[in-house]
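# Structural description and commentary
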Amino acid sequence: AVQSAPRDREHTRTNRRGMRAAGCNAALLLLLLVCACGALADDTFTCTSDPTRVLPASYVNDGVCDCPDDGSDEPGTVACSRERFACAAAGQPEIPAVFAHDGICDCCDGSDEEPGMCANVCEAAAEKERERAQLTEQQQGVQDRGAIMRLLPHLRREKIHQLAYPVPPKPANIPEEIHEITTETDEEQLHLVRERQERKRQMEWTREHNNKEYPELKEAAKKAVEDAERSISDACYFALFNSRYMWKAPTNYVYVFDGFKHVEQYSSFNSVVDAGGWGHWEDDSHTVAWFANGSPCGPEKRRTTRVEFVCGGVGIPANANATEVGPLAAKVLSVEPGKRCMYLMTVMSPCACQGATPAAEAAK
């Protein structure tokens, strides 16, 4: 009969042991020698190179490698051979050579057994893996969303503090470090460069103003935060307000999602394009947002960006504080051109996980 799928190695342990039991009698003498050396006692066997790995005595010379580091449990078989067998299907991990032509389908395409014995289940296995990865991503997103929601009271105070205390004036464009970025520079490096330059500017500006208090700025900050809360109208997404998230395109453009303020496009020539300011949600699901009235695009049009939020985990630490959550609350995945004068941006955020399956339910 054709086997429908590669079977789990643990599931087939009993079968494999039974299939090979008859062939193990020839190794009885070796087994007695092992016992004589003291490795086997009280119906147990201890792997030579790992004293913490203690096996039932029946596992010795049964055709299954239980001491993979040294193969000491299989002195009379080839089960612990280091030889490997390459499955024909691309991307499949190699299997021990002893697993080939043993009557059990290990490769998803069945190439380790005789033709016709195993069904090709590679596509089904790949789809199952994609579903598993997506579920894991959603579970992490639900967990991260919970962390954000718990910190909301502190986030509000942090946003006011960020806006109220004097900081360096926002540059008209990204400074010279963007010009030096190569095509190999990844998002993390770009973020670190940006943060380093920002800290430098902030220190210089703070020294110049001698940490003076600016009551009018505090009042303006409170009003800005209140306006943002009303406009964004989603408590979780408020965590993104006043935080910047970058994505570097293969074309050397750098796109910035400036947390519900603007979407910007920078080039390696230090030019900046306003791709749209915060406008509105497309509907009450809060998964698509529109940013409009950006830089002119032709005689009568202005640039617009459609931002789609997708559920995903960003790995917010359990002990994260309000200062750390903002920069971690989202990640720009891609930016593509839409119709004329429009950009299509995809942003992953735990805040889009409102309808995702909680980890506790998914585990049932």
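For the structure itself, consult the block above.
The following refers to the structure shown.

So, on to the environment of Ser-231. Tracing the chain through its elements places Ser-231 in helix 7 (residues 215–232). Judged by its relative accessible area of 34%, Ser-231 is partly exposed. A sequence separation of 50 residues divides Ser-231 from Trp-281, and the C-alpha atoms of the two residues are 9.4 Å apart. Setting aside residues no more than four positions away along its own chain, Ser-231 makes contact with Trp-278 and Trp-281.

Taken as a whole and judged by the stated rule, the model has 8 disulfides. Note on cysteine connectivity: Cys-236 is disulfide-linked to Cys-351, with sulfurs 2.1 Å apart. Measuring the twist about the S-S bond at about -75 degrees, one finds the Cys-236-Cys-351 disulfide to be left-handed. Linking Cys-236 in the loop between helix 7 and strand 6 (244–248) with Cys-351 in the loop between strand 15 (342–349) and helix 9 (359–362), this pair joins segments that are 115 residues apart in sequence. Assigned by exposure class, Cys-236 and Cys-351 land together as buried. The side chain of Cys-297 participates in a disulfide bridge whose partner is Cys-341; the two sulfur atoms lie 2.0 Å from each other. Disulfide Cys-297-Cys-341: torsion about the S-S bond near -80 degrees, hence left-handed. Taken together, the positions of Cys-297 in strand 11 (residues 296–297) and Cys-341 in the loop between strand 14 (331–337) and strand 15 put the pair 44 residues apart, joining distant regions of the chain. Comparing Cys-297 with Cys-341 shows no difference in burial state: the two are buried.

The next subject is the pairing of strand 7 (residues 254–258). Burial analysis of strand 7 places 5 of its 5 residues in the buried class, which makes it a mostly covered element. Neither face of strand 7 is exposed, since Val-254, Val-256 and Asp-258 on one face and Tyr-255 and Phe-257 on the opposite face are all buried. The pairing of strand 6 with strand 7 spans 5 bridges and is classified as antiparallel. Among the inter-strand pairings, Trp-247 is bridged to a residue of strand 7, identified as Tyr-255. Between the antiparallel neighbours strand 6 and strand 7 lie 5 residues, among them Asn-252 with a positive phi of about 75 degrees.

What counts, and where the lines are drawn
- Counting from 1, residues in each chain are numbered in the order their sequence is written.
- Given that the model is predicted, a residue must reach a pLDDT of at least 70 before its local features are reported, and side-chain atom pairs must reach 80 or more before they are shown or counted; all residues, however, enter totals for whole chains, interfaces and linings.
- Remark: hydrogens and water are excluded; side-chain values derive from all non-hydrogen atoms of the structure.
- Put simply, DSSP H or I for four residues or longer makes a helix, DSSP E for two residues or longer makes a strand, and each gets a number counted from the N terminus.
- Residue burial is assigned from relative accessible area. The probe radius is 1.4 Å, only protein chains are included, and a residue is buried under 20% of its type maximum, exposed over 50%, and partly exposed in between.
- Contacts between residues were defined by any pair of non-hydrogen atoms, one from each residue, lying within 4.5 Å.
- Two cysteine sulfur atoms make up a disulfide if the distance between them is within 2.5 Å.
- Pairs of strands are assigned from DSSP output, requiring at least two bridges between the strands.

Any functional reading would require information that these geometric values do not contain.
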